[in-house]
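One letter stands for each residue in the lines below.
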Amino acid sequence: MQLVRLGTRCNNACVFCAQADERARGSPEPSEAQILAAIEAVPEGEPIALVGGEPTMHAELPKWIRYARGSGGREVVLQTNARRLAYLSYAQELRSAGLSAIDVTLLGSTAPMHDYHTGTPGSFGQTVQGMRHAKACGMRVLVTCVITRSNVRHLADIVRVAHAAGGVAIRLQVPVPAGRAREQMVRLWARRFLLEPHLKLAFAQGRRLHVGVSLAGRADPPFVDFIADGVERLAVRDPRPDPAPASAQPTGRARPAPAEQRVREHRTGADLKQILPDLFSPATEER
Amino acid sequence: MANLGYMQLVRHCNQYCRICSNPETPYVLDLDTAKREVDDFVTRGYDGVILTGGEPSLSAIVVDVVRYAIDRGLSVRMITNGSRISDASVARAYFAAGLKHFHVSMYSSRPHVHDHITCVKGSWDLACRAIANLGDLSANVDLNTVINRFNSDHLDELARMVVDRFPFVHHMVFNNLDPSMGRAETNREALHRLADMEESLNKALAILSSAGKTFRVERVPLCFMTDFAYASTETRKIIKKEERTVHFLDEKGTVRQTSFRHHKAQVCGACSLDAVCAGLFEMGAGYDEAELAPVFVDKEPIIRRVMGGQR
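Residues numbered from 1 in each chain as written. Chains lettered and ligands numbered in written order. Predicted model: local features only at pLDDT ≥ 70, side-chain atom pairs only at ≥ 80, totals over all residues.

Re the overall build of chain A
- If you tally the helices and strands in chain A, you get eleven helices and nine strands.
- Split into buried and exposed, the 287 residues of chain A put 38% on the buried side.
- Here the contacts in chain A between residues at least 6 apart in sequence split such that 77% fall between residues at least 24 apart. (Helix = DSSP H or I, 4+ residues; strand = E, 2+ residues; numbered from the N terminus. Buried ≥ 20, exposed ≤ 12 C-beta atoms within 10 Å, placed from the backbone. Contact = placed C-beta atoms within 7 Å.)

Okay, structure coming up:
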């Protein structure tokens, strides 16, 4: 599968977007000629994945799909948030152009969860509708979910929702520490003790629904090592700086507090009246 | 509702904890003022009083205050470092007066870590002896700990120790470090990141839960204890609309706390637990709001559990 990049333009604002920096810098979008040349360079028969940003932001997309499909009828996959496919006519247009599958990013099992991750209210409803339309038009629907601390407890539910919307395979992956994700990693990163039990539930849900669930095959440390021992065990290392506690060897006494008074002159009676006046108010005295 | 009042008997201590947020002042409560405080809690309709400090067992009026509070219908507890109760005769005297519920401070399962935090060599041994003495008396013993950088990676060890070594301890309290005042303000090396304690805290709570123990966690935002949100002190008080009053022995005087909300990050607005979460204590000054992440679990079971009286 060869990737052809269509630029970084997007209608979502995902909390982990790896391309946010590039977009913020205003990096130039590839020209149509460059895109067509990239498609042309892919060996005949090899499947093509068109990726963004969000490819459906380009009006020329149906034309590029048709070009990529070519006379040989090779497979063309679109990596998309599927929001625009919520319009059935648009999904039909892409299908007619020769699109065989979409790879949709689904980040939550509910609208609040998904929309938080995309930074776009209403995106969940459009994405799920887009998946349904894609399936109805005869396209295969693949799903990608980026695991965060905010959705990790719901991975099994996300598998269920993806399946109900037409998904036939769900790929789970951890955030790539680039772009916005690099800045937000402390907020995003689900540690291993959280991840493991919920991954197992997600895999079990996949088996129950007969839908393929996999962990993205990133093996580049220090992010994920996948150990295929039959029970989907993971070893995830925290990419943040060493959180080891400070040495607990004796280092002498603690430093005193700013206002700490070391005198041991014990005060009572009238002194206490100054700091606890309510207890010595006339009303209290009469009680 | 079960409101409890806090009474500081003294503000001096025989330890010098680097995490202390109530360090020494010269004031010592006399019996007359102590009775006024007890009367004040009774007037407020409170259920009990917690004797605290400083180290309250250094006060000469403990037995008298306990008897007076019990006469006035209040339950009485003491938060102590255990050093004096390590003497069995002191434990027996308190117990005989009616003080039968103790919170003993224990900061680590590792003696050298506990002693490093208290700055007193041998303090871990004394605390263990005190717990054993109270166990022998069949007193109600809770363990209090303060989460800080030195114990943040092995809180689960402490929970395991409680379960294995002190099976009569039924309740643990985890207080996240208050870095805003006292010695905790000047000894900044004791301050941890929330991420540093997330795993060991959750493992500790799971160990206690599996063993049938109860627990409370204070000053930890719910996104770091989502699966045990019902055990957050602030969340319970928010849901049950509880309050607490503290008679401090410093310039703060009497403080009635009816709000248990701290600071929130912008992302908290998306969180399903926002309404029942206190947020982040000392956000920006001690802890980093970048660590907060919204969660999307259903808050209704948490509210039902808290209102249903389950501990």
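Brief notes about the interface of chain A and chain B
- Of the residues lining the interface, 44 residues belong to chain A; the matching set on chain B comes to 51 residues.
- Those elements giving two or more residues to the side of chain A that touches chain B turn out to be helix H5 (111-118), helix H8 (180-188) and helix H10 (270-275) of chain A.
- Residues belonging to the side of chain A that touches chain B are distributed by class as follows: 20 nonpolar, nine polar and 15 charged. (Nonpolar A, V, L, I, M, F, W, Y, C, P; charged D, E, K, R; others polar.)

Quick word on the sheet that holds strand E9 (residues 254-257) of chain B
Residue and element names in this part refer to chain B.
- Here nine strands make up an open sheet; going across it, the order is E7-E6-E5-E4-E3-E2-E1-E8-E9 and the pairing mixed. Across the chains shown, the open sheet's two edge strands, defined by having one partner strand only, are strand E7 (214-218) and E9. Going across the sheet, the axis of each strand differs from the next one's by a mean of 20°, ignoring polarity.
- Here strand E3 (residues 75-80) runs beside strand E4 (residues 101-105); their pairing, made up of three bridges, is parallel. Opposite threonine 80, over in E4, you have valine 104 as the bridge partner. (Pairing = 2+ DSSP bridges. Axes fitted to C-alpha atoms, helices over the stretch in contact; angles between N-to-C directions.)

Notes on helix H8 (residues 194-210) of chain B
- Compared with the 24 Å implied by 1.5 Å per residue over 17 residues, the 24 Å span of H8(B) between its first and last C-alpha is a close match.
- Of all bends in H8(B), the biggest is about 25°, found at Ser200(B).
- Most of H8(B) is tucked away: twelve of the 17 residues are buried.
- Where H8(B) is concerned, the buried positions are Leu194(B), Asp196(B), Met197(B), Glu198(B), Glu199(B), Ser200(B), Leu201(B), Asn202(B), Ala204(B), Leu205(B), Ile207(B) and Leu208(B).
- As for H8(B), its buried residues are in contact with helix H9 (192-209) of chain A together with strand E5 (140-147), helix H6 (155-165), strand E6 (171-176) and E7 of chain B.
- Just past H8(B), the residue Gly212(B) takes up positive phi, approximately 80°. (Expected span 1.5 Å × (residues − 1). Bend = angle between axes of the 7 residues up to and from the residue.)

Considering the confidence of the model for chain A
- Here chain A averages 84 in pLDDT, and 83% of its residues register 70 or above.
- The model gives residues 218-244 of chain A a pLDDT under 50, and that stretch makes 40 contacts with residues more than four places away or in other chains. (pLDDT = per-residue confidence, 0-100.)

Description of the nonpolar core
- The biggest cluster of nonpolar side chains holds 96 residues, and the ones touching the most others in it are Leu51(B) and Met225(B).
- When neighbours within four sequence positions are excluded, Met225(B) is seen to be in contact with Leu201(B), Asn202(B), Leu205(B), Val217(B), Val220(B) and Ser232(B).
- Among the nonpolar cores identified, the runner-up in size contains 57 residues, and Trp64(A), Leu78(A), Ala134(A) and Ala181(A) belong to it. (Core = buried A, V, L, I, M, F, W, Y, C linked by C-beta atoms within 7 Å.)

Re the sheet that holds strand E7 (residues 212-215) of chain A
Residue and element names in this part refer to chain A.
- Taken in spatial order, the seven strands line up as E1-E2-E3-E4-E5-E6-E7 in an open sheet, and their pairing is parallel. In this open sheet, the two strands that pair with only one neighbour each are strand E1 (2-5) and E7. The average undirected angle you get between the axes of adjacent strands in this sheet is 20°.
- For strand E4 (residues 101-105) and strand E5 (residues 140-146), the ladder comprises five bridges, and the chain directions are parallel. Bridge assignment links alanine 101 to a residue of E5, and that residue is arginine 140.

Considerations on the pairing of E3(B)
Residue and element names in this part refer to chain B.
- With four bridges joining them, strand E2 (residues 48-52) and E3 adopt parallel strand pairing. By the bridge assignment, isoleucine 50 is partnered in E3 with arginine 77.
- Running through helix H2 (residues 62-71), the crossover from E2 to the neighbouring parallel element E3 is right-handed. (Right-handed = clockwise from strand over helix to strand, strands pointing away.)

Describing the environment of Gln205(A)
All names here are of chain A.
- Among the structural elements, glutamine 205 can be located in helix H9.
- For glutamine 205, a count of 20 C-beta atoms within 10 Å gives the class buried.
- The sequence separation of glutamine 205 and glutamate 32 amounts to 173 residues, and the corresponding C-alpha distance is 42 Å.
- Not counting residues within four places of it along the chain, the set of residues in contact with glutamine 205 comprises Ala156, Val159 and Arg160.

Digging into unusual backbone geometry
- For the bond from Gly52(A) to Gly53(A), the omega torsion is 15°, close enough to zero to count as cis.
- By the secondary structure assignment, Gly53(A) is in the loop between strand E2 (48-51) and helix H3 (61-69).
- Between Gly53(B) and the following residue, Gly54(B), the backbone shows a cis peptide bond with an omega angle of 15°.
- Along the chain, the position of Gly54(B) falls in the loop between E2 and H2.
- Its identity as a non-glycine residue notwithstanding, Ser138(B) has a phi of 60°, on the positive side.
- Phi is positive for Lys241(B), which is not a glycine, with a value near 55°.
- Among the secondary structure elements, Lys241(B) is positioned in the loop between helix H9 (233-240) and strand E8 (244-247).

Structural notes on the environment of Tyr67(A)
All names here are of chain A.
- Take tyrosine 67: it is sitting in helix H3.
- With 17 C-beta atoms packed within 10 Å, tyrosine 67 lands in the partly exposed category.
- Taking the C-alpha atoms as reference, tyrosine 67 lies 18 Å from tyrosine 90; in sequence the two are 23 residues apart.
- Once residues lying within four places of it in the same chain are set aside, the contact partners of tyrosine 67 are Leu36 and Ile39.

Here's the deal with the pairing of E4(A)
All names here are of chain A.
- The sheet contact formed by strand E3 (residues 76-80) and E4 spans four bridges and is parallel. Each bridged residue has a counterpart across the sheet, and for valine 77 the counterpart in E4 is alanine 101.
- Crossover handedness for the path E3 to helix H4 (residues 88-97) to E4: right-handed.

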